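Below, each chain spelled out in residue letters.
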Amino acid sequence: SKQAQLMEVLKKEVRAMLIAAKAGLTPEQLEEQYMAMVCKPLPLHDLGFQSTLELVTQMPEVVRICSSKNGGLILKAIADDSTKGIAKLVANQKVKTRSKASKKTATKPNAVFPTKNSKNPPSFQTLNAGAPVLPAVVKAELQDLLSSSPLLLGDFDKAFLRRFGRAFQYRQYGFLSMFEVLRSMSDSIVVEQTKAGSLLVLRKYLANNIEQEEVPRASAAEMPPLEPICETESFYQAALQMDLEPVQTQAVDLDDHLKQKESQGFFPTSVFCVLMSLEAWNCFEQLPPTPEIPPDAVRDKSLRSLPPLKRRCLVGVIVEFIVSPSQFYIHICSTEASYKLQDLMFEMRHVYSHKVASDKYIMPESAVRPGQLCCVMVSKWWYRVIIHRVINDQEVEVFCADYGHLQIVQKSWLRFLKWHYLKLPAQAIPCSLAWVKPVGGTWSSAAILLFKHLCRFKELVGIVDEYVNGVLYLFLCDTSTKEDIYFHSVLRDMGYADVCGENIPSQEFEELNPSALYVQPSGKQGNAEVVEPDLHLRQESRDAGSETATSKVAE
């Protein structure tokens, strides 16, 4: 029956989620994880259950129900024959990785990298990529919350809920406490101890950097604060009038000039009357003027990609968006890149969130066409996007060049992108997992779910293999465990993938690669002079005689 088939699929998904959670999940966390991964709630009613707890009690071969120290319930996975390997790897995960693992070191050119006869690249024990990481949007939200004034930690939850309309759930990003979150953002948020409690303060240098950043010459109306005070509102309105009505101002000046000339005897009254009559007739005949497109609006330009990475280099990465192991997008982990993207988001919100400025960049219908670079507002933040297709009179599908996903948005949310925001290259890098192909030709939903769990909210180590048709093929490794976990090996051991020792062009990217369509390459990935990123996840490679993986690829 359909219910039995649904239950079997659900058992596999629940087991995969619980295996990936070393400490287990509460029923509420399982519901959140399922929604985040599958994008729909647990099918309780479809299966005839009233609660998540009732559901898992009917999975005794999948879920073990345990009691926590505080008296709550914790759900843990029961591994079967096919999942014992990954369960063992998860059980070996370290709780913390500190100090030595975070030191900056450089990658030497004589690093030992995988060959076609080795199962895994060599083990890089000093790389630290296991600490949880907040997504860039969430970091920007925290900084925005503190940008107006410091905030007591005890008031944080209410303030975040009031500002963004949702609770701040740090556990979904892999953190165990709010203090871990603040520690991860210590470069931008300071915690000061006061009599009233812990006070969260945004570091002043971040605001100073944004103010000092070079901005093109513009009218005051283009750069208002998010919440203008009374004294400045009239100034912005006056500036807007001066900016939008140059013709009217010239007409008044001409009128005064002619009257002055007539009073001095230069023009007879009859000539002055004829001129005024002609001017009035012309004004009567003119059609209402169409809004002018600002001169700094991007019309026919494209974003450029990041410089290609050097082959065999080690990079810290965060996987931002996943379709499958053969199609996903990453961000490079570097402090400089992270700040540049956050600063861009802050400045775009600063400019476009004020109605006076935002209305100037409204896109006419003629500009709403596939391939047009612009920006869009989603949940009060502005993103650089390229229009992929026009769906109907109200909606378009756009590609988010900094995060890698396609999304349907309202046309009314679109605005022209200012030229100034072309400087930063597109931050999302299209990637495929190196050396793997899916068993049966396509990735199963269980394989995709497992890959998402392996990648979720972690800094990982990427080992660059090569570029194929503009797509970066790399190995991904989680170094937060006692033994490094290579994702291609996990997928193979679970029976989801074959390790083939070469890179087969991604079928998904061959069908659609928005980056290749809309983002200009910064240079040929094969032969161009490449730039190795300034990352905090680097290490000195071992000498040629260092340890290498001893196991071979299964034939």
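This is a predicted model, so every value here is computed, not measured.

Secondary structure summary: the protein chain contains 17 helices and 18 strands in total. Per-residue burial for the protein chain yields a buried fraction of 46% across its 555 residues. Across the protein chain, contacts joining residues at least 24 apart in sequence account for 70% of those joining residues at least 6 apart.

A separate point is the packing of helix 5 (residues 136-146) against helix 6 (residues 156-164). Contact geometry for helix 5 and helix 6: axes closest at 11 Å, N-to-C directions at 105 degrees. The orientation of helix 5 relative to helix 6 falls into the category roughly perpendicular. Across the interface between the two elements, E141, L142, D144 and L145 from helix 5 touch F156, A159, F160, R163 and F164 from helix 6. The residue makeup of the contact of helix 5 with helix 6, split by class, is six nonpolar, no polar and three charged.

It is worth spelling out helix 14 (residues 445-455) at this point. By the criterion of burial, helix 14 is predominantly enclosed, with nine of the 11 residues buried. Among all positions of helix 14, only A446, A447, I448, L449, L450, F451, H453, L454 and C455 are buried. Of the residues one or two after helix 14, F457 is the one with positive phi, at around 50 degrees.

Among the nonpolar cores identified, the biggest contains 113 residues, and F156, F168, F328, I330, L414 and L476 are the most heavily contacted of them. Of all hydrophobic cores here, the second largest spans 23 residues; its members include L10, V14, A21 and Y34.

A cluster of nonpolar side chains, namely L53, I65 and L73, defines an oily patch on the protein surface of about 200 Å² accessible area. When you line up the elements, I65 lands in strand 1 (residues 63-67). The exposure class of I65 is partly exposed, given its relative accessible area of 36%.

Now for unusual backbone geometry. A positive phi angle is found at S379, which is not glycine, with a value near 55 degrees. The topology assignment puts S379 in the loop between strand 8 (373-378) and strand 9 (381-390). By relative accessible area, S379 is classed as exposed at 61%. The backbone of W435 sits at a positive phi, close to 70 degrees, despite the residue not being glycine. Locating W435 in the fold gives a position in the loop between strand 13 (429-433) and strand 14 (436-438).

Another point: the sheet that holds strand 12 (residues 414-416). Pairing in this open sheet of five strands is antiparallel, and the strands run 11-10-9-8-12 from one edge to the other. At either margin of the open sheet sits one strand with a lone partner, and together these are strand 11 (406-410) and strand 12. Recorded for the sheet is a direction-independent mean angle of 50 degrees between the axes of neighbouring strands. For strand 8 and strand 9, the ladder comprises six bridges, and the chain directions are antiparallel. What sits directly across from L373, in strand 9, is I386.

All chains considered together, the criterion is met by 14 salt bridges. Across the pair K418 and D296 runs a salt bridge whose closest N-O atoms are separated by 2.7 Å. Of this pair, K418 sits in the loop between strand 12 and strand 13 while D296 sits in the loop between helix 11 (269-285) and strand 6 (314-324); the two residues are 122 residues apart in sequence, bridging distant segments of the chain. Close ionic contact of K411 with E365 constitutes a salt bridge, the shortest N to O distance being 2.8 Å. Of this pair, K411 sits in the loop between strand 11 and strand 12 while E365 sits in the loop between helix 13 (355-360) and strand 8, placing them 46 residues apart in sequence. Overall, the relative accessible area of 13% leaves K411 in the buried class. Judged by its relative accessible area of 55%, E365 is exposed. A network of salt bridges, in which partner residues are shared, links E8, K11 and E61.

Quick look at the confidence of the model for the protein chain now. Chain-level statistics for the protein chain give a pLDDT mean of 74 and a share of 67% at 70 or above. Contacts of residues 95-113 to residues separated by more than four positions or lying in other chains number 43 contacts, the stretch itself having pLDDT below 50. Here residues 205-288 scores under 50 on pLDDT; set against residues more than four positions off or in separate chains, the count is 67 contacts.

On to the environment of A367. As for its placement among the helices and strands, A367 is situated in the loop between helix 13 and strand 8. By relative accessible area, A367 is classed as buried at 4%. The spacing of A367 and R299 is 68 residues in sequence and 8.1 Å in space, taken between C-alpha atoms. Non-local contacts of A367, meaning those with residues more than four positions away in its chain, are made with Q372 and F416.

Bringing the environment of Q3 into the picture now. Among the secondary structure elements, Q3 is positioned in helix 1 (residues 2-20). The partly exposed category is assigned to Q3, whose relative accessible area is 45%. Separated by 43 residues in the primary sequence, Q3 and D46 have C-alpha atoms spaced 7.5 Å apart. Polar side-chain contacts of Q3 include one of 2.7 Å to the backbone oxygen of D46.

Among the six residues that make up strand 7 (residues 327-332), six are buried, leaving the element largely enclosed by the rest of the structure. Bridging between strand 6 and strand 7 involves six bridges; their strand directions are antiparallel. Of the residues in strand 7, the one forming a bridge with I318 is H331. The turn linking strand 6 back onto strand 7 is made up of two residues.

Reading the values: rules and limits
Residues numbered from 1 in each chain as written. Predicted model: local features only at pLDDT ≥ 70, side-chain atom pairs only at ≥ 80, totals over all residues. Heavy atoms only, no water. Helix = DSSP H or I, 4+ residues; strand = E, 2+ residues; numbered from the N terminus. Buried < 20%, exposed > 50% of the residue type's maximum accessible area, 1.4 Å probe, protein only. Contact = heavy atoms within 4.5 Å. Axes fitted to C-alpha atoms, helices over the stretch in contact; angles between N-to-C directions. Parallel < 35°, antiparallel > 145°, perpendicular 65-115°, else oblique. Nonpolar A, V, L, I, M, F, W, Y, C, P; charged D, E, K, R; others polar. Core = buried A, V, L, I, M, F, W, Y, C linked by side-chain atoms within 4.5 Å. Patch = residues over 30% accessible without salt bridge, like charges linked within 9 Å, V, L, I, M, F, W, Y side chains within 5 Å. Areas by Shrake-Rupley, 256 points an atom, 1.4 Å probe, with all protein chains shown as cover. Salt bridge = Lys/Arg side-chain N within 4 Å of Asp/Glu carboxyl O. Pairing = 2+ DSSP bridges. pLDDT = per-residue confidence, 0-100. Polar contact = N/O pair within 3.5 Å; in protein donor to acceptor, adjacent residues only side chain to side chain.

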